[in-house]
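Chain and residue survey
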Amino acid sequence: MMKGENNEDSILMNTLSSWKSYGGTLSVHEHDSNACGCAMQFAVFTPPQAANGKVPVVWYLSGLTCNWSNVMEKSGLQRVAAELGVMVIAPDTSPRGDALPNDEAYDLGQGAGFYIDATEAPWATNFQMETYITRELNELVLKEFAADPARQGIMGHSMGGHGALTLHLKNPQTYKSVSAFSPIAAPMQAPWGKKAFATYLGSDESNWSAHDASQLVSGSPSKAPILVDTGGSDGFLEEQLTPDIFIAACKAAGQSLDYRIQDGYDHSYWFIASFIEDHLRHHAKHL
């Protein structure tokens, strides 16, 4: 599964836990991040097919207050990922540590990195989540696991849905498939996004558009079809998720989009667990 953590040329990484699951392995790892200036943890589900060669990899970006454990413990993804032969990577949502900047609010600071590179003090020193996900952790995963660099997809939930859409739209050659659960798809027009962007990027809103999926798709639509599921009973639907803005932007740009409002479902992992199979099959089809 891994290419020898003790080799001199390996990136330093410690395995914290490992469990057999559906013929594959769920493992949790820690490494020192240069981008974030602290130790970072991530989880990997390696399907049984990886024993015979490189497999497609799907990155799952979690939402506010979450870490790697939420999707790995609550979504039930391992059964389908093992069947499809898809590796799933679950990074953390921010740098963490007592010596690092934080905020008392749940939607800012540790657990709320928004998958962007902060430019404002005190956040800029550590909160470099875009660089961490797209470059540093990507390089580590491709070196240490049987992940195929040519077959990578990305998905996420809420804040992570925002991250999945934006990182795909900015890196379509890396992430060739994309999907999202309940994404903050127009963060420049949502309270969560406005708060995070003003804090991490400063008050000049011209610096925000590079991190807004509705703005990005308007200027540079993707050739990949986008799948989005959002619960019709999601309490954040109108104020924070604003699906109509993203749907209109995709339509105007000619972006292929299947945006499904699922009646009666909310923002929870019960919702994600109900549709995670659809999303994994979407990625497997396009990878």
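Anyway, here's the lowdown on the structure attached to this text. Computed from a predicted structure; not experimentally measured.

Let us now look at the overall build of the protein chain. Within the protein chain, the secondary structure is distributed over 9 helices and 9 strands. Computed over the C-alpha atoms, the radius of gyration of the protein chain is 18 Å, within 12% of the 19 Å expected from 2.2 N^0.38 for a compact globule of 287 residues. Its C-alpha atoms put the protein chain at 45 × 40 × 30 Å along the principal axes. Every one of the 287 residues in the protein chain was classed for burial, and the buried ones make up 57%.

Within the structure shown, the criterion is met by 11 aromatic pairs. Ring centres of Phe114 and Phe197 lie 6.5 Å apart, and the angle between their planes is 75°; this geometry places the pair in the edge-to-face category. Taken as a pair, Phe114 in the loop between β5 (87–91) and α3 (129–144) and Phe197 in helix α5 (residues 191–201) lie far apart in primary sequence, 83 residues in all. What makes Phe114 buried here is its relative accessible area of 0%. Ring geometry for Phe197 versus Trp208: centroids 5.8 Å apart, planes at 65°, classification edge-to-face. Residue Phe197 is found in helix α5, and its partner Trp208 is found in the loop between α5 and α6 (213–219); the two are separated by 11 residues along the sequence. On the basis of relative accessibility, which here comes to 0%, the residue Phe197 falls in the buried class.

Phe42, Phe114, Tyr132, Tyr200 and Phe246 are the most contacted members of the largest nonpolar core, which has 63 residues in total. For this core, the leading source of residues is α3, giving 6 residues. Counting residues in hydrophobic clusters, the runner-up holds 26 residues, among them Val86, Phe275, Ile276 and Leu287.

Looking now at the pattern of salt bridges. Following the criterion strictly, the structure yields 9 salt bridges and no others. Where Arg281 meets Glu83, a salt bridge forms, and the shortest distance between an N and an O atom there is 3.0 Å. Pair noted here: Arg281 is in helix α9 (residues 269–286) and Glu83 is in helix α2 (residues 77–84), with a separation of 198 residues, a long-range link. For Arg281, a relative accessible area of 31% gives the class partly exposed. The partner of Arg260 in a salt bridge is Asp278, with the nearest N and O atoms 3.0 Å apart. Of this pair, Arg260 sits in strand β9 (residues 257–262) while Asp278 sits in helix α9, and the two are 18 residues apart along the sequence. Here Arg260 falls in the partly exposed class, since its relative accessible area comes to 23%. Its relative accessible area of 35% is what places Asp278 among the partly exposed residues.

Looking at the secondary structure, you find Phe236 in the loop between β8 (226–231) and α7 (237–241). Here the alpha-carbon distance between Phe236 and Arg151, two residues 85 residues apart in the chain, equals 33 Å. Once you skip the residues sitting within four places of it in the chain, Phe236 turns out to touch Trp192, Leu241 and His267.

With that settled, consider the packing of α2 against α9. Orientation of α2 relative to α9, taken along the N-to-C sense of each, is 25°, at an axis distance of 9 Å. As summarised for this structure, α2 and α9 are arranged roughly parallel, according to the angle between their axes. For the crossing formed where α2 meets α9, the hand is right-handed. Residue-level contacts link Leu77, Arg79, Val80, Ala81, Glu83 and Leu84 of α2 to Ile276, Glu277, Leu280, Arg281 and Ala284 of α9. Here the residues of the contact of α2 with α9 sort into 7 nonpolar, no polar and 4 charged.

Here the focus is α5. Listed as buried for α5 are Trp192, Gly193, Ala196, Phe197, Tyr200 and Leu201. With its buried residues spanning 110° around the axis, α5 presents them on a single face. Note on α5: the residue one or two positions beyond its end, Gly202, has a positive phi of about 95°.

With that settled, consider helix α8 (residues 243–253). Along α8, the positions that sit buried rather than exposed are Pro243, Phe246, Ala249 and Cys250. Around the axis of α8, the buried residues are gathered within 130° of arc, so they sit on the same side. Facing away from the buried side of α8 by more than 90 degrees, the exposed set consists of Asp244, Lys251 and Ala252. Buried residues in α8 make contact with α4 (159–170), α6, β8, α7 and β9. Gly254 sits one or two positions beyond α8 and adopts a positive phi of about 75°.

Analysis parameters
Residues numbered from 1 in each chain as written. Predicted model: local features only at pLDDT ≥ 70, side-chain atom pairs only at ≥ 80, totals over all residues. Heavy atoms only, no water. Helix = DSSP H or I, 4+ residues; strand = E, 2+ residues; numbered from the N terminus. Rg over C-alpha atoms; globule rule 2.2 N^0.38 Å. Buried < 20%, exposed > 50% of the residue type's maximum accessible area, 1.4 Å probe, protein only. Phe/Tyr/Trp six-rings, centres within 6.5 Å; stacked < 30°, edge-to-face > 60°. Core = buried A, V, L, I, M, F, W, Y, C linked by side-chain atoms within 4.5 Å. Salt bridge = Lys/Arg side-chain N within 4 Å of Asp/Glu carboxyl O. Contact = heavy atoms within 4.5 Å. Axes fitted to C-alpha atoms, helices over the stretch in contact; angles between N-to-C directions. Parallel < 35°, antiparallel > 145°, perpendicular 65-115°, else oblique. Left-handed = near helix turned anticlockwise from the far one by under 90°. Nonpolar A, V, L, I, M, F, W, Y, C, P; charged D, E, K, R; others polar. Arc of directions from axis to C-beta.

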